[in-house]
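Chains, contacts and geometry: an overview
Take a look at the letters that make up each chain.
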Amino acid sequence: MPEFDVIVLGTGLKECVLSGLMSANGKKVLHLDSNPYYGGESASISPLEELYSRFRVPAPDKLMGRGKDWNVDLIPKFLLANGQLVKMLLYSEVTRYLDFKVVEGNFVYKGGKIHKVPITEAETQASDLMGMFDKRRFRKFLSFVLNFDESDPRTHHDMDPRNTSMREVFRHFDLGDDVVEFTGHALALHANDEYLEQPCLLTINRIKLYSESLARYSLSPYLYPLFGLGELPQGFVRLSAVYGNSFLLNRRVEEVVLEGGRVAAVRSEGEVFRCKQLISDPSYLPERVKKVGRVVRVLCLLNHPIKNTHEANSCQIIIPQAQLNRKSDVYVCLVSYTHNVASEGKYIACVSTMVETGNPEKEVQAGLALLEPILEKFLSVSNLMVPADDGRRSQIFISRSYDPSTHLQTDTEDIMDLYRRITGSEFSCRDPRDADADSDE
Amino acid sequence: MRQATRTKKPDVKVVILGDMNVGKTSLLHRYTERKFKDTISTVGGAFFLKQWGPYNISIWDTAGREQFHGLGSMYCRGAAAVILTYDVTNWQSLAELENRFLSLTDTANADCIFALVGNKADLTDPFAQEPDSESESDPQPVASCPTPPASPVQHKQVSREDAVALYARVLRYKGLDEKTCLPAERMCFETSAKTGYNVDALFETLFDLVLPSILKKRSEGEATVDLETPLEVRRTKAGCCA
């Protein structure tokens, strides 16, 4: 009976990152997936015919270009250039297997129009997202955020970061509702307004991360891999394989065996594999997860960039909840043939949000309207599942489903949290190649 | 984790495919052992970067149990050359190239070059039995085989004609015109990783052949970013912990 330290079920991005990191930490890992391909819910589908088949949409007589040129993300998301996921890629050297491009545009929707998220001082000055007096206050606020050091009270302006709500911070700088909305949703990437009543530390760190990511390449803070997001799981799979770990695709998982309330083994197609810890995506252990919502996603094939984006070949548009009188933001993202995910001259867009009514497609209508004319649409509604417990007793650690956002911020936070619970320690964020690393000590 | 030295992004990618036990890793190891003094390797030897004149060529080998079940679309993605490896004493290893591995090359470049390599030729071919004259003295074969066989000891199951025929089928699978592609005589090799026979010829022929692909790629100038570029702006200490 083969014995492993860790068994991983599902080859989604989160599971593959963790599998790769466990391998690099010297663990013996077995990785199983019931699909014949890598990526699970975060796969990129190729060829294009497969996408039609998957969504049970009849394919047109004449497809758009060569089917093999398409790699359509089921859940498209961008990476923050200075985020933890990029640091993990660098640390594990998975970057040598992948290529990235900077996302060309970043927009926020307000008053029925899209507005460029200001990048430079000059753009802030010219931006119609805020009024003249707000701009001066916003600059003061941004200076406060960028100089904020959790361990140095002198940078706190007499506000305790663990007890002061973000609303109080905004009030301290006298920022108007428009600036608060733009800052909270387009910079701190919050999906709703609940953060306003929470301690400000998380939001401050998120705004810092956004700013540092933006500073890396200037055009926008986001990166996207050539050939689609499905390349990331495979990069980490390769990392894991290099350390000698085992992968079994196309394997049905029959049972997870517990002994004394603790995971002991996985039974797959008659074989039993013993393990000390189990990592899984939600679909393999339905009795151990709970549903906290539903996500609607509409994948759209286009033959043009989105209007008013300066012909951007890739971009994100955030529609803050208040703009549509909803509880959650609506997200739009676009990638294209320039990323080798579509045939020449074609674009792939996605509109997504949390479902709040009985008519999910109507809820994303404002996003879809920005994309017209649309050649083809693929609508899906999926459950947002979260683990029922933290896994410490059972040593079964389950990732959360992917949320509607078009960035990987919340998903990276989930990976970090899982890593902490699985290993008992924080993933070290020091990048060995970071020129500033020594001076940070 | 070992801290590898920082390396440049490769200009072009060459991948090795083939069934277990045909000797893919030994082939690469034989070449790197003798010629790769300027080679930088990653853990487990699954990724080699070879400097060839002013260019960097990455060579991908399958790692660990990836070879059993785990090759995804990324492995051949963007490859300029694919080395399809079989064992000359094992017909099934040639058949597997067509049955299992050929479809993996769908993600290689449209103008990808294919080489068919029959390894373990020392077992069937007297010419392949003597170590190449340039090779360093290797005590291992002497210890393991004090009396070298005077004549081939195994029956050759895959003839050169079989390989040439498969090469033609590979080209048809890829939708390529045989007349415009490199001829089979030039792209079908028989090697011995054990003795070094024809190993240099294989790799160095391919390296020369992928040069046009490098130049084409450079002229197309993909605007990808180098994630390894150190930050130019100074970060505050708290910045790196979300």
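In every chain, residue numbers begin from 1 and rise along the written sequence. Labels follow written order: the first chain is A, the first ligand is 1, and so on. pLDDT decides what is reported in this predicted model: residues at 70 or higher carry local features, side-chain atom pairs at 80 or more are listed and counted, and totals for whole chains, interfaces and linings draw on all residues regardless. Side-chain calculation: all heavy atoms of the structure are included, whereas hydrogens and water are not.

Remarks on the overall build of chain A
- Helix and strand definitions here come from DSSP, where helices need a minimum of 4 consecutive H or I residues and strands a minimum of 2 consecutive E residues; each element is numbered from the N-terminal end. On a plain count of helices and strands, chain A comes out with 13 helices and 19 strands.
- Burial statistics for chain A: of 441 residues in total, 62% are counted as buried.
- Relative to all contacts within chain A whose residues are 6 or more apart in sequence, the contacts with residues 24 or more apart total 70%.
- Of the roughly 17,100 Å² of accessible surface on chain A, 47% is carried by carbon and sulfur atoms. Think of it in three bands: residues with accessible area under 20% of the maximum for their type are buried, residues over 50% are exposed, and the middle band is partly exposed, with areas taken using a 1.4 Å probe on protein chains only. Residues count as neighbours in contact if any of their non-hydrogen atoms are within 4.5 Å of one another. Each accessible area value is a Shrake-Rupley result obtained with a 1.4 Å probe; residue values ignore everything except the protein chains displayed when judging cover.

Some points on the sheet that holds strand S9 (residues 222–225) of chain A
Residues and elements named next belong to chain A.
- The pairing criterion is simple: DSSP has to find at least two bridges between the two strands. Here we have three strands laid out as an open sheet, ordered S5-S9-S6, and antiparallel in their pairing. On the outer flanks of this sheet lie strand S5 (79–80) and strand S6 (100–102), each paired with one strand and no other.
- Direction of pairing for S6 relative to S9: antiparallel, over a ladder of three bridges. Counted as the bridge partner of Lys101 is Tyr224 from S9.

Side note on the side chain of Lys135 of chain A
Residue and element names in this part refer to chain A.
- Inspection of the secondary structure puts Lys135 in helix H5 (residues 132–147).
- Polar contact is the term for a pair of N or O atoms within 3.5 Å; when the atoms are in protein, one must be able to donate a hydrogen and the other to accept it, and sequence-neighboring residues count only if both atoms are side-chain atoms. At 3.0 Å, the side chain of Lys135 forms a polar contact with the backbone oxygen of Ser127.
- Residues contacting Lys135, with those up to four places away along its chain left out, are Thr124, Gln125, Ala126, Ser127 and Met130.

Let's talk about the sheet that holds strand S15 (residues 315–319) of chain A
Residues and elements named next belong to chain A.
- Sheet architecture is open: seven strands sit in the order S8-S7-S15-S16-S17-S14-S18, paired in mixed fashion. Every other strand in the sheet has two partners, leaving strand S8 (113–116) and strand S18 (376–387) as the edge strands with one partner each. In this sheet, neighbouring strand axes are inclined to one another by 25 degrees on average, regardless of whether the strands run parallel or antiparallel.
- In this sheet, strand S16 (residues 330–336) lies alongside S15 in antiparallel orientation, the contact comprising five bridges. A fitted line through C-alpha atoms represents every axis, and for helices the fit uses only the stretch in contact; the resulting angles, taken between N-to-C directions, go from 0 to 180 degrees.

What about the pattern of salt bridges?
- The salt bridge criterion pairs a side-chain nitrogen of Lys or Arg with a carboxyl oxygen of Asp or Glu, the two atoms within 4 Å. Evaluated as defined, the whole model comprises 28 salt bridges over all chains.
- Note that Asp411 of chain A and Lys77 of chain A form a salt bridge whose closest N and O atoms lie 2.8 Å from each other. Taken as a pair, Asp411 of chain A in helix H12 (residues 409–423) and Lys77 of chain A in the loop between strand S4 (72–73) and S5 lie far apart in primary sequence, 334 residues in all.
- Between Glu190 of chain B and Lys156 of chain B there is a salt bridge whose closest N-O contact spans 3.1 Å. Here Lys156 of chain B lies in the loop between helix H4 (139–144) and helix H5 (160–173) and Glu190 of chain B lies in strand S7 (residues 188–190), a separation of 34 residues in the sequence.

Side note on the packing of aromatic side chains
Residue and element names in this part refer to chain A.
- What counts as a ring pair is set by centres within 6.5 Å for rings of Phe, Tyr and Trp (its six-membered ring), and what kind of pair is set by the plane angle: stacked under 30 degrees, edge-to-face over 60, tilted for all other angles. Tallied over the entire structure, the rule returns 21 aromatic pairs over all chains.
- Measuring from ring centre to ring centre gives 5.4 Å for Phe55 and Phe378, while their planes differ by 55 degrees; the resulting arrangement is tilted. Separated by 323 residues along the polypeptide, Phe55 in the loop between helix H2 (48–54) and S4 and Phe378 in strand S18 bring together distant segments of the chain.
- On the accessibility criterion, Phe378 (1% relative accessible area) is buried.

Considerations on the environment of Thr203 of chain A
All names here are of chain A.
- Relative to the assigned elements, Thr203 resides in helix H8 (residues 201–217).
- Among the residues examined, Thr203 registers a relative accessible area of 1% and is labelled buried.
- Apart from the residues lying within four places of it in its own chain, the contact partners of Thr203 are Met166, Ala188, His190 and Tyr195.
- In terms of polar contacts, Thr203 uses its side chain to reach the side chain of His190, at 2.9 Å.

Description of helix H1 (residues 13–24) of chain A
Residue and element names in this part refer to chain A.
- Helix span, expected: 1.5 Å multiplied by one less than the number of residues in the helix. The terminal C-alpha atoms of H1, which comprises twelve residues, lie 17 Å apart, in line with the 16 Å expected from a rise of 1.5 Å per residue.
- In terms of burial, H1 is largely enclosed, as twelve of its twelve residues are buried.
- For H1, the complete set of buried residues consists of Leu13, Lys14, Glu15, Cys16, Val17, Leu18, Ser19, Gly20, Leu21, Met22, Ser23 and Ala24.
- As for H1, its buried residues are in contact with strand S1 (3–9), strand S2 (29–32), helix H3 (84–91), helix H9 (231–242), strand S13 (271–280) and H12.
- Looking at the residues trailing H1, positive phi occurs at Gly26, about 95 degrees.

Thoughts on the environment of Glu185 of chain B
- Here Glu185 of chain B is to be found in helix H6 (residues 184–187).
- Counting along the chain gives 22 residues from Glu185 of chain B to Ala163 of chain B, while the straight-line C-alpha distance between them is 9.7 Å.

Some words on the side chain of Lys14 of chain A
- With respect to the secondary-structure elements, Lys14 of chain A resides in helix H1.
- Among all residues touching Lys14 of chain A, those that are not within four sequence positions of it are Ser399, Arg400, Ser401, Tyr402, Asp411, Asp414 and Ile415 of chain A.

Observations regarding H5 of chain A
Residue and element names in this part refer to chain A.
- In this model, H5 (16 residues) spans 23 Å end to end at C-alpha, consistent with the 22 Å of a helix rising 1.5 Å per residue.
- By the burial criterion, the buried members of H5 are Asp134, Lys135, Phe138, Phe141, Phe144 and Val145.
- Residues of H5 that are buried make contact with helix H4 (121–126), helix H6 (166–172), helix H7 (177–187) and H8.

Concerning the pairing of strand S14 (residues 289–302) of chain A
All names here are of chain A.
- By the criterion of burial, S14 is predominantly enclosed, with ten of the 14 residues buried.
- Where S14 meets S18, twelve bridges bridge the pair, whose relative direction is antiparallel. Bridged to Leu301 within S18 is Glu376.
- Two elements, S14 and strand S17 (residues 347–354), share eight bridges in a ladder whose sense is antiparallel. Looking across to S17, one finds that Val295 is bridged to Met354.

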